[in-house]
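# Structural overview for review
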Amino acid sequence: MRRFLAELRESIRMALGAIATHKLRSCLTLLGVLVGVFSIILVMTAMRAMKNNIEKELGSLGSKTFVIQKMPGAYFGGPEGFMKFMRRNDITFAQARAFQRKAAFVPAVGLQASFWNGELTSRYDRTPPNLSLEGATPGTFITNNWGIIEGRPLLDSDLESTRDVCLLSEDVAKTLFPRGSAVGQRVKAEAISYSVVGVFERAASSEGAQGLAVIPITSALNRYGRRRQITILVQASDPALIDDAMEQSRGVLRAIRKVPPGQEDDFEVLSSDSMIKQFQTVTFAVRTGLALVSSIALLAAGVGIMNIMLVSVTERTREIGIRRAIGAKRRNIMTQFIVEAIVLCEIGGILGVVLGMLGANALAVYLLKLPPAFPVDWAVIGLAICSLVGVVFGSYPAYKAAHLDPIESLRYE
Amino acid sequence: MSLIRLDAICRHYEMGSETVHALRGVSLTIERGEYVAIMGPSGSGKSTLMNLLGCLDSPSSGIYELNGHHVGEMDDDELAEIRNREIGFVFQTFNLLARSSALRNVELPLIYAGVGLEERREIAIAALTDVGLADRLTHKPNEMSGGQRQRVAVARALVNKPSILLADEPTGNLDTRTGAEILELFQNLADKGNTLIVVTHEENVARHAKRIIRVRDGLVASDEPVT
Ligand SMILES: Nc1ncnc2c1ncn2[C@@H]1O[C@H](COP(=O)(O)OP(=O)(O)O)[C@@H](O)[C@H]1O
Ligand SMILES: [Mg+2]
């Protein structure tokens, strides 16, 4: 075993030497592997980021809450398809209110919309600039499972009187008021001042999520404008009843939005279960396509590697003869060339993994505004595939090298 | 027991329908510590004999005993092992790895012998020092003169402490002066008790040896000590 490791180390060293002497050729050769692995990692990392996000956002909803909104939770298709969702009319506050009044069949309905992102300040400190200012109703706290830990909850009277009150998520309260209670203090979002009436905690799964400041949705609409997409959150009385509640809610909202019978919904009804299922089904096609495309890329890359290795064996016939003359066994030569193929593939593979993760996370963070993801499992799978490509396509050239006649090889010019 | 015993060794090559008889029944023995020259005109079978002695090739018929072992019965791996441990080759064209330093070239047989990194380095440096190249360790072959290259080759041949040093026209690609240096190196090795077999077609090279075997048309024509 020790001997084998020593041989492996030697082979890797030789391989790196051989690859370094033909830099351009090696680069062109490993490009194929790089592209194959890059595409796998790019797509898988992006998907992982989205899936993480769905699980984080909707996972905290629990199994009896669902969401009604204009846009689907996950969408993979061409821009035309996306435009279909974009062209839908927003769910207005009036519609949401009407829904709330008619939805007596469920224990709780909350309305929620995001109005502003930025830095919230207090007399003492400021939050990171990604704080989200949310407009909400009392029901929002119930449906989101936000528990009041200090002060009072949001009240209907806050909404009726459009008060400038706010509730802070626990992390925000701690940041802004490190010593003592936030309740009764004032916070500022740009020039606008709110008085803190309560602090709430979120589910443990929202650890590290962006900080929240929640104000009455009516105050928010007055201040930041009425053209907002409202998200309706609905809580069923029991997880078993969620499907019924979703169906009923769909009917109610169709009536409110005057969707003609027979026409498809112009809104989405999403539960965390249905979302994750939907994500899995939608991405299944993407994953299958990816598997196909990257297999073809890697196959092409493998043939390229085999070709280059065959050239390399011919070029290095004399070297092989010398090695055999001074005591290399066929096995040693075989190992050397297979390891060279693997090293070549792994260099391409590692670059592919790094670039794929960087690319996907750039996309996730800047374009989709998602936290980055690092799917270690896919990195390992990607590199394992590289080694496999190296072994499969390096074997024949290595076999050829190992079975050259030493005397002929030594005479080769 | 002799170091080398050849008994009626034949080696022929099939060239399409023709058969080329390179060796037609060579019998000889060589003892430990001998310094032997093998001479003969071009095409007489010297290199073929050398390759057989060096276990790079197997005879078509006949018996080759090296250190009491029947070489003809060995498989490819065993032959490789014998080449690694018992034989040191020196070639006319040096046959160094062009992209590797002198040190790395000399380390190579030790790598295949499974010697560890530290020890390997030490032995290789000592071998290069013995041939007077202690200050050329990191030089690549193309940064050295022909004589220096051949000395690297000698160091590589000796690094595993082989039973036999085989040299095929070792001075063929060298000028007279550097050739003489290599011959002096061989003389020193012979004086220290190494077994040397040198193929050459130059009389003055052969005269350094203690015994000259002349080959003609695949047969031993004469075998006499140098007087
Ligand atoms: N691989 C081979 N295939 C066919 N014929 C060969 C081969 N190697 C050597 N020979 C022939 O065997 C004879 C002896 O060759 P060789 O041993 O190289 O002679 P020398 O080294 O004395 O010049 C020559 O006639 C040569 O053509
Ligand atoms: Mg010859």
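Nothing here was measured: the structure is a model prediction, and the numbers come from that model.

Here we take up the overall build of chain B. In terms of helices and strands, chain B carries seven helices and ten strands. By the compact-globule yardstick of 17 Å for 227 residues, chain B fits well, its C-alpha radius of gyration being 17 Å. Taken along its principal axes, the extent of the C-alpha atoms in chain B is 50 × 40 × 40 Å. Per-residue burial over chain B gives 55% buried out of 227 residues. At a minimum sequence separation of 6, the contacts of chain B that also span at least 24 residues come to 69%. As displayed, chain B offers around 10,000 Å² of accessible surface, 47% of which is attributable to carbon and sulfur atoms. Separation of charge centres in chain B, based on 24 positive and 32 negative side chains, amounts to 5 Å.

Across the boundary between the two partners, chain A contributes 24 residues, which contact 27 residues of chain B. Surface buried jointly by chain A and chain B totals about 2,400 Å² across both partners, of which 53% is contributed by carbon and sulfur atoms. For the interface between chain A and chain B, the tally reads six salt bridges. Among the salt bridges present, the one from Glu-319 of chain A reaches Arg-99 of chain B, with a minimum N-O distance of 3.6 Å. Along the contact surface separating chain A from chain B lie ten residue pairs in polar contact (both at pLDDT 80 or more). With seven residues, helix H1 (residues 2-21) of chain A is the single largest residue contributor to the side of chain A that touches chain B. Across the side of chain A that touches chain B, the residue classes tally to nine nonpolar, four polar and eleven charged.

Near ligand 1, the surroundings consist of 14 residues, among which Gly-43, Gly-45, Lys-46, Ser-47 and Thr-48 of chain B are the closest. Around ligand 1 the close residues trace back to chains A and B. The contact in question runs from a nitrogen atom of ligand 1 to an N or O atom on the side chain of Glu-408 of chain A, over 3.4 Å. Starting from 550 Å² of accessible surface for ligand 1 in isolation, the protein chains cover 72%. Counting residues per element, the ones that place at least two in the shell around ligand 1 are helix H14 (406-411) of chain A together with strand E1 (4-15), strand E2 (18-30) and helix H1 (46-53) of chain B. With three residues, H1 of chain B is the largest single contributor of residues to the shell around ligand 1.

For side chains of opposite charge, pairing can occur when their charged atoms come near one another. Summed over all chains, the structure comprises 36 salt bridges over all chains. For the salt bridge of Lys-329 of chain A with Glu-81 of chain B, the shortest nitrogen-to-oxygen distance reads 2.9 Å. In this pair, Lys-329 of chain A is assigned in the loop between helix H11 (317-325) and helix H12 (330-367) and Glu-81 of chain B in helix H2 (residues 76-86), connecting two distinct chains. Judged by its relative accessible area of 13%, Lys-329 of chain A is buried. The shortest N-O distance in the salt bridge between Glu-203 of chain B and Arg-214 of chain B comes to 3.0 Å.

Turning our eyes to something else, we now look at the nonpolar core. Ranked by internal contacts, the top residues of the largest apolar core, which has 75 residues, are Ile-4, Leu-6, Leu-53, Tyr-64, Leu-66 and Ile-197 of chain B. If one sorts the elements of this core by residue count, H12 of chain A sits on top with ten residues. Ignoring sequence-local partners within four residues, the contact set of Leu-66 of chain B consists of Leu-3, Ile-4, Cys-55, Val-71, Ile-82, Glu-86, Ile-87 and Ile-164 of chain B. Counting 58 residues, the second-largest nonpolar core is a separate cluster that includes Leu-120, Ala-136, Phe-141 and Ala-173 of chain A.

Moving on to the domain arrangement of chain A. Structurally, chain A comprises domain 1 (2-57 + 277-411) and domain 2 (89-266). Computed over C-alpha atoms only, the centres of domain 1 of chain A and domain 2 of chain A are separated by 50 Å.

Take the sheet that holds strand E6 (residues 87-90) of chain B next. Two modes of strand pairing occur in sheets, parallel and antiparallel, and in both the strands are linked by backbone hydrogen bonds. All names here are of chain B. Sheet architecture is open: six strands sit in the order E6-E7-E8-E3-E9-E10, paired in mixed fashion. Both outer strands of the open sheet, E6 and strand E10 (219-225), are each paired with one neighbouring strand and no more. Averaged over all pairs of adjacent strands, the angle between their axes in this sheet comes to 15 degrees, without regard to strand direction. The pairing of E6 with strand E7 (residues 164-168) spans four bridges and is classified as parallel. Each bridged residue has a counterpart across the sheet, and for Phe-89 the counterpart in E7 is Leu-166. Running over the sheet, H1 touches strand E3 (35-39), E6, E7, strand E8 (195-199) and strand E9 (211-216) and is turned about 155 degrees from E7.

All names here are of chain A. Buried residues dominate strand E6 (residues 165-169), accounting for five of its five residues. Across the two faces of E6 the burial is the same, with Val-165, Leu-167 and Ser-169 and Cys-166 and Leu-168 all buried. For E6 and strand E8 (residues 192-201), the ladder comprises five bridges, and the chain directions are parallel. Paired with Cys-166 across the strands is Val-196, a residue of E8. Where E6 lies against strand E9 (residues 212-216), two bridges are found, and the strand directions are antiparallel. If you follow Leu-168 over to E9, its bridge partner there is Ala-213.

Here is what the cut-offs are and how they apply
Residues numbered from 1 in each chain as written. Chains lettered and ligands numbered in written order. Predicted model: local features only at pLDDT ≥ 70, side-chain atom pairs only at ≥ 80, totals over all residues. Heavy atoms only, no water. Helix = DSSP H or I, 4+ residues; strand = E, 2+ residues; numbered from the N terminus. Rg over C-alpha atoms; globule rule 2.2 N^0.38 Å. Buried < 20%, exposed > 50% of the residue type's maximum accessible area, 1.4 Å probe, protein only. Contact = heavy atoms within 4.5 Å. Areas by Shrake-Rupley, 256 points an atom, 1.4 Å probe, with all protein chains shown as cover. Lys, Arg positive; Asp, Glu negative; His and termini not counted. Charge placed at Lys NZ, Arg CZ, Asp CG, Glu CD. Buried area = accessible area lost by both parts, 1.4 Å probe. Salt bridge = Lys/Arg side-chain N within 4 Å of Asp/Glu carboxyl O. Polar contact = N/O pair within 3.5 Å; in protein donor to acceptor, adjacent residues only side chain to side chain. Nonpolar A, V, L, I, M, F, W, Y, C, P; charged D, E, K, R; others polar. Near = heavy atom within 4 Å. Core = buried A, V, L, I, M, F, W, Y, C linked by side-chain atoms within 4.5 Å. Domains from an automatic or database assignment. Pairing = 2+ DSSP bridges. Axes fitted to C-alpha atoms, helices over the stretch in contact; angles between N-to-C directions.

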